[in-house]
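Fold and geometry: a report
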Amino acid sequence: MHRPTRVTALVPAYQAGEFIQATLDSLSAQTHDDFDVIVSVDRCEDATEAICRRHAARDSRFHVVQQQERLGYVGNCNFLLGQAQAELVLFAFHDDVLLPGYLQRLCDVLDARPEVVLSYSDLLLTAVDGTQEHCSYDELAGQSGRVERGLKMLRRSGKWWVPNRGVFRLQRARRIQCLKTNGAGEFSADWPWLFHMSLLGEFARVPEVLCHKFYKPGSLSRSWAFSKRQHFEASAACMRELWTADLTTDEKLRMAIPLTSWLIKAKAQLDALPPDP
């Protein structure tokens, strides 16, 4: 096994041959001087593995694993989490491009503020049709209480998913164990993950665009229907994360009561609907 570094970027890759090179190049260009990259190529049929291995041959900080069986997005992320040894970790998704100062800026925040479990930046989102949007998430700013943070994340207000492009403390995140599928498969699997993460420490936003995200025609989230049933299942997954979290009974109840009320109402509405196709 290679020498552990301070930071490890985890790249879950699948059918990314047409665009992953830009992601790899952006990681190689980081100004931070103590990081490595683990790329896990899920079983696929394009040139993703060959591109990643060629890049690793040029940059010894990259380590490539080819999966022999299809893991899916959640399984591939969890494999990478199991491989990581660094103090600080990030998911560098195969359709994201990071600006050179991304790692340094976010790690500086974690170094200066031990109460922060995850630091993240704003991002520029480019849709499939080429339109662009500046995305930021500031709802947790100034929230030092874990119940208040949890309730904010449960509401899914604003661009709640932006922090998933952040750097986090691996040992604290291991308390969550892993990302998990729910009754709707991989739908919004990052939401329960971020919800539980918000219970472990503060989130810190760096108000700069340090990440460019590109939606591709085959992007996983573009395949979801975003139906009421899917939202219900993801919400139920948040409830499961709540009950396994290291909180007091009072803290759990303060979040569980409004979440339970919503789930009961949502379930009654779903029972009156035909099943999803």
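The structure we're discussing is the one just above.
Before going into details, it helps to say that this report is about the structure given with it. (Residues numbered from 1 in each chain as written. Predicted model: local features only at pLDDT ≥ 70, side-chain atom pairs only at ≥ 80, totals over all residues. Heavy atoms only, no water.)

1. Brief notes about the state of the cysteines
For the record, the criterion: We call a pair of cysteine sulfur atoms a disulfide when they lie within 2.5 Å.
Inspection of the entire model under this criterion finds 0 disulfides. In this model C211 remains outside any disulfide bridge; the closest cysteine sulfur is found in C135, 9.9 Å from its own.

2. Some thoughts on unusual backbone geometry
Put simply, the rule reads: Only runs of H or I of at least four residues qualify as helices and only runs of E of at least two qualify as strands under DSSP, and these elements are numbered from the N terminus. In this scheme, a residue with accessible area under 20% of its type's maximum is buried, one over 50% is exposed, and one in between is partly exposed, where area comes from a 1.4 Å probe on protein chains only.
Here the phi dihedral of Q15 falls at roughly 45 degrees; this positive angle occurs in a residue that is not glycine. Inspection of the secondary structure puts Q15 in the loop between β1 (7–13) and α1 (20–28). A relative accessible area of 33% means that Q15 is categorised as partly exposed. Although it is not a glycine, S188 adopts a positive phi angle of roughly 50 degrees.

3. Concerning a nonpolar patch on the surface
Convention followed: Only residues whose relative accessible area exceeds 30% and that take part in no salt bridge are eligible for patches, with like-charged residues grouped when within 9 Å of each other and nonpolar side chains (Val, Leu, Ile, Met, Phe, Trp, Tyr) grouped when within 5 Å. Note on areas: Shrake-Rupley with a 1.4 Å probe; residue coverage comes only from the protein chains shown. Each salt bridge in this description consists of a side-chain nitrogen of Lys or Arg and a carboxyl oxygen of Asp or Glu lying within 4 Å of one another.
A grouping of W243, L253 and I257 is seen on the molecular surface, where their side chains present a nonpolar patch of about 320 Å² in accessible area. Residue classification places W243 among the partly exposed positions, given a relative accessible area of 45%.

4. Concerning the pattern of salt bridges
Applying the stated rule across the entire model yields 18 salt bridges. With a shortest N-O distance of 2.7 Å, E87 and R6 are connected by a salt bridge. Here the residue E87 occupies a position in the loop between α3 (72–83) and β4 (88–91), and R6 occupies one in the segment before β1, the gap between them amounting to 81 residues. For R6, a relative accessible area of 23% translates into the label partly exposed. Residue D111 pairs with R6 through a salt bridge whose shortest N-O separation is 2.5 Å. Of this pair, D111 sits in helix α4 (residues 102–112) while R6 sits in the segment before β1; the two residues are 105 residues apart in sequence, bridging distant segments of the chain. Through salt bridges with shared partners, a single network forms among D95, D96, R165 and K213.

5. Focus: the packing of aromatic side chains
Heads up, the rule is: Aromatic pairs are defined between Phe, Tyr and Trp rings, using the six-membered ring for Trp, whenever the two ring centres lie within 6.5 Å; interplanar angles under 30 degrees are classed as stacked, those over 60 as edge-to-face, and all others as tilted. Only lysine NZ and arginine CZ atoms are considered, and such an atom sits over a ring when it is within 6 Å of the ring centre and within 35 degrees of the ring normal.
Applying the stated rule across the entire model yields 6 aromatic pairs. For the pair F91 and F93, a centre-to-centre distance of 5.8 Å together with 20 degrees between the ring planes defines the contact as stacked. Across the pair, exposure class does not vary: F91 and F93 are buried alike. Taking 5.9 Å as the distance between ring centres and 75 degrees as the angle between the ring planes, the aromatic pair formed by F168 and W193 counts as edge-to-face. With a gap of 25 residues between them, F168 in strand β8 (residues 167–169) and W193 in helix α7 (residues 190–198) connect regions that are remote in the sequence. Since its relative accessible area comes to 3%, W193 is described here as buried. In this structure an aromatic cluster arises from ring pairing among Y73, F91, F93, F168 and W193. Above the ring of Y14, the side-chain terminus of R70 is found at 3.7 Å from the ring centroid. Here the guanidinium or amino end of R156 rests over the ring plane of W191, the centre of that ring lying 4.4 Å away.

6. What to know about the packing of helix α8 (residues 228–244) against helix α9 (residues 249–271)
Let me state the cut-off plainly: Helix axes use the C-alpha atoms of the stretch in contact, all axes being lines fitted to C-alpha atoms, and the angles between their N-to-C directions lie in the range 0 to 180 degrees. For classification purposes, an angle smaller than 35 degrees is called roughly parallel, one larger than 145 roughly antiparallel, one from 65 to 115 roughly perpendicular, and anything else oblique. Helix crossings get a hand from a simple test, with the near helix turned counterclockwise from the far one by less than a right angle marking a left-handed crossing and a clockwise turn marking a right-handed one. Any two residues whose heavy atoms approach within 4.5 Å at even a single point are treated as in contact. Under this grouping Gly is polar, as are all residues other than the nonpolar Ala, Val, Leu, Ile, Met, Phe, Trp, Tyr, Cys and Pro and the charged Asp, Glu, Lys and Arg.
As a packed pair, α8 and α9 sit with axes 10 Å apart at the nearest point and diverge in direction by 155 degrees. In terms of their interaxial angle, α8 and α9 are classed as roughly antiparallel. As α8 runs across α9, the sense of the crossing is left-handed. Here α8 contributes K228, R229, H231, F232, S235, A236, C238, M239, L242 and W243 to the contact with α9, which in turn contributes K252, M255, A256, L259, T260, W262, L263, A266, K267 and L270. Looking at the contact of α8 with α9, its residues break down into 13 nonpolar, 3 polar and 4 charged.

7. Notes on the packing of α7 against α8
Where α7 meets α8, the axes come as close as 9 Å, and the angle between the chain directions of the two elements is 30 degrees. As far as their axial angle goes, α8 and α7 are roughly parallel. Read as a crossing pair, α7 and α8 show a hand that is right-handed. In contact with W191, P192, F195 and H196 of α7, α8 contributes H231, A234, S235, A237, C238, E241, L242 and T244. Split into classes, the residues belonging to the contact of α7 with α8 amount to 7 nonpolar, 4 polar and 1 charged.

8. Some points on the pairing of strand β7 (residues 132–135)
We count it as follows: DSSP-based pairing: two strands are paired if at least 2 bridges between them are found.
When strand β6 (residues 116–126) meets β7, the two strands line up antiparallel, connected through 4 bridges. The partner of L125 across the bridge, within β7, is E133. Once β6 ends, the chain turns through 5 residues before running back antiparallel as β7, passing G130 with a positive phi of about 95 degrees.

9. Considering α4
Here is the rule: The arc in question is traced by the directions running from the helix axis to the C-beta atoms.
Those residues of α4 that sit buried are Y102, L103, L106, C107, V109 and L110. End-on, the buried residues of α4 take up no more than an arc of 150 degrees, which puts them together on one face.

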